[in-house]
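A structural walkthrough
Each chain is listed here by its residues.
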Amino acid sequence: MTRIDRRALFTSGAAAALLAATGVSAQPQRGGRLRAALSMLLFDQAVAATVFDNLTEVAADGTLRGDLATGWSSDAQAMRWRFTLRDDVAFHDGEVFSAEHLRSLPMTVEVIDPVTADIVLDTPNPNLPYLLAHPGYEIRSETGAGTGLYAVQKLEPGRHFIGARVANHWKKQSGWFDSVEFVQFSADAVRSEALRDGMVDVADIAALDPLSDPRDFQILPGGRSPTHIAATSVAVPLSVGKSWPLDNLRMAERWWMA
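A quick note: this is a predicted structure, and the numbers were derived from the prediction, not measured. (Residues numbered from 1 in each chain as written. Predicted model: local features only at pLDDT ≥ 70, side-chain atom pairs only at ≥ 80, totals over all residues. Heavy atoms only, no water.)

Description of the overall build of the protein chain
- Within the protein chain one finds seven helices and 15 strands.
- Every one of the 258 residues in the protein chain was classed for burial, and the buried ones make up 50%.
- Sequence-distant contacts in the protein chain: of pairs separated by 6 or more residues, those separated by 24 or more amount to 60%.
- With an accessible surface of roughly 11700 Å², the protein chain has 54% of that area assigned to carbon and sulfur atoms. (Helix = DSSP H or I, 4+ residues; strand = E, 2+ residues; numbered from the N terminus. Buried < 20%, exposed > 50% of the residue type's maximum accessible area, 1.4 Å probe, protein only. Contact = heavy atoms within 4.5 Å. Areas by Shrake-Rupley, 256 points an atom, 1.4 Å probe, with all protein chains shown as cover.)

Structure representation (structure tokens):
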């Protein structure tokens with residue numbers, strides 16, 4: 001792919017990016033488009049984390065908290081887990097979220113009522129609530145719709161994604177961008193060049209392009225080492241999740257334009 005082609009992918013988001021920002025806002029600001037250049041694995045995971053919700057999530061400080069679930073408990077053997085669910089959530093296709101939708105999980109689910117369900121395991125797992133926050137355990141409707149902060153506006157699987165902020169989403173104090181755009185580039189050098197040239201705001205690279213000015217970027221930690229770099233035009237909270245890259249894959253939910 002030529003440089004001209006790569007630039008064309010981000011034309012729609014160029015006006016929204018505040019590439020000349022020199023400081024970080026003290027409070028989250030709404031607006032703009034977050035643009036990211038991602039590897040194949042992170043592209044798929046980032047899209048899923050943006051479009052879908054899990055029953056639980058890992059906060060930036062590493063603590064576990066409810067997402068679609070409001071509470072949970074288990075029997076003494078940690079083989080039967082009961083989850084209580086939010087009653088104010090809708091999928092992007094308009095379907096109302098209920099306990100029936102937990103059947104999209106790869107495990108045995110027994111529905112008790114619309115906001116209560118049991119997950120029954122074959123072997124004990126005291127860490128099930130944490131497991132359900134992992135990539136791959138997103139909740140989907142029968143049509144494949146999600147309940148996340150951003151609904152699919154455009155999706156070329158494995159290559160290009162644009163998501164638009166869902167109006168009146170139940171997560172009222174999250175999701176500061178008007179839209180997000182992810183593009184998949186397999187080569188580290190291409191992602192690095194896209195970040196250097198201002199075509200994206202964040203890239204999952206471990207080191208800057210040699211021609212980049214370090215003063216324009218911030219290196220952020222991943223699970224084990226620096227795995228992504230963001231432009232200073234993006235404001236990042238002081239505490240960044242490290243269980244997975246990109247702030248536990250929730251950059252679209254937790255970051256904002258500076």
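Picking up where we left off.
Things to note about the sheet that holds strand β5 (residues 80–85)
- The strand order across the open sheet formed by four strands is β4-β5-β7-β6, and the pairing between neighbours is antiparallel. If you trace the sheet from one side to the other, it starts and ends with β4 (69–74) and β6 (108–113), each paired once. Along the sheet, successive strands turn relative to each other by an average axial angle of 25 degrees, direction set aside.
- When β6 meets strand β7 (residues 116–120), the two strands line up antiparallel, connected through five bridges. When the sheet's bridge partners are listed, E110 is paired in β7 with D118. (Pairing = 2+ DSSP bridges. Axes fitted to C-alpha atoms, helices over the stretch in contact; angles between N-to-C directions.)

Quick look at the environment of F182
- Its location among the elements puts F182 in strand β10 (residues 179–184).
- Its relative accessible area of 0% is what places F182 among the buried residues.
- In the structure, F182 is positioned 21 residues away from A203 in sequence and 9.6 Å away in space, judged by C-alpha atoms.

Quick look at helix α3 (residues 40–51)
- Helix length check: α3 (twelve residues) gives 17 Å between terminal C-alpha atoms against 16 Å at 1.5 Å per residue, within 8%.
- Turning to α3, its buried residues number three or more, namely L42, F43, A46, V47, A48, A49, T50 and V51.
- On its buried face, α3 is in contact with β1 (33–38), β8 (150–156), β9 (160–165), β10, α6 (245–249) and α7 (251–254). (Expected span 1.5 Å × (residues − 1).)

Observations regarding the pairing of β4
- In this sheet, β5 lies alongside β4 in antiparallel orientation, the contact comprising five bridges. Among the inter-strand pairings, A69 is bridged to a residue of β5, identified as L85.
- The antiparallel hairpin formed by β4 and β5 contains five residues in its connecting segment, where A78 sits at a positive phi of about 60 degrees.

Observations regarding the nonpolar core
- Counting residues in hydrophobic clusters, the biggest one holds 32 residues, and the most contacted among them are L38, V180, F182, V202, M251 and W255.
- Among the secondary structure elements, those contributing two or more residues to this core are β1, α3, β10, α6 and α7.
- Here the element with the most residues in this core is α3; it accounts for seven residues.
- Not counting residues within four places of it along the chain, the set of residues in contact with L38 comprises F43, A46, F182, V183, Q184, F185, R191, D204 and L246. (Core = buried A, V, L, I, M, F, W, Y, C linked by side-chain atoms within 4.5 Å.)

Re the pattern of salt bridges
- Under the defined criterion, the tally for this structure stands at 24 salt bridges.
- One salt bridge in this structure joins E110 and R80, with 2.9 Å as the shortest N-O distance. Within this pair, whereas E110 is found in strand β6, its partner R80 is found in strand β5, the two being separated by 30 residues in sequence.
- Accessibility expressed as a relative area gives 34% for E110, which makes it partly exposed.
- Across the salt bridge formed by R86 and D88, the nearest N and O atoms sit 2.9 Å from each other.
- The class for D88 is partly exposed, based on a relative accessible area of 43%.
- The network of salt bridges with common partners includes D53, E57, R65, D67, K171, D247, R250, E253 and R254. (Salt bridge = Lys/Arg side-chain N within 4 Å of Asp/Glu carboxyl O.)

Section: the packing of aromatic side chains
- Per the counting criterion, the structure on display carries four aromatic pairs.
- Here the aromatic rings of F91 and F97 are separated by 6.2 Å at their centres, their planes lie at 65 degrees, and the arrangement is edge-to-face. Accessibility assignment for this pair places F91 and F97 in one class, buried.
- Plain terms: the ring middles of Y130 and W244 are 6.5 Å apart, the flat faces sit at 20 degrees to each other, and that makes the pair stacked. Highlighted residues: Y130 in helix α4 (residues 128–131) and W244 in the loop between β14 (234–235) and α6, separated in sequence by 114 residues.
- Above the plane of the ring of F52 lies R140, whose end atom (NZ or CZ) is 4.0 Å from the centre. (Phe/Tyr/Trp six-rings, centres within 6.5 Å; stacked < 30°, edge-to-face > 60°. Lys NZ or Arg CZ within 6 Å of the ring centre and 35° of its normal.)

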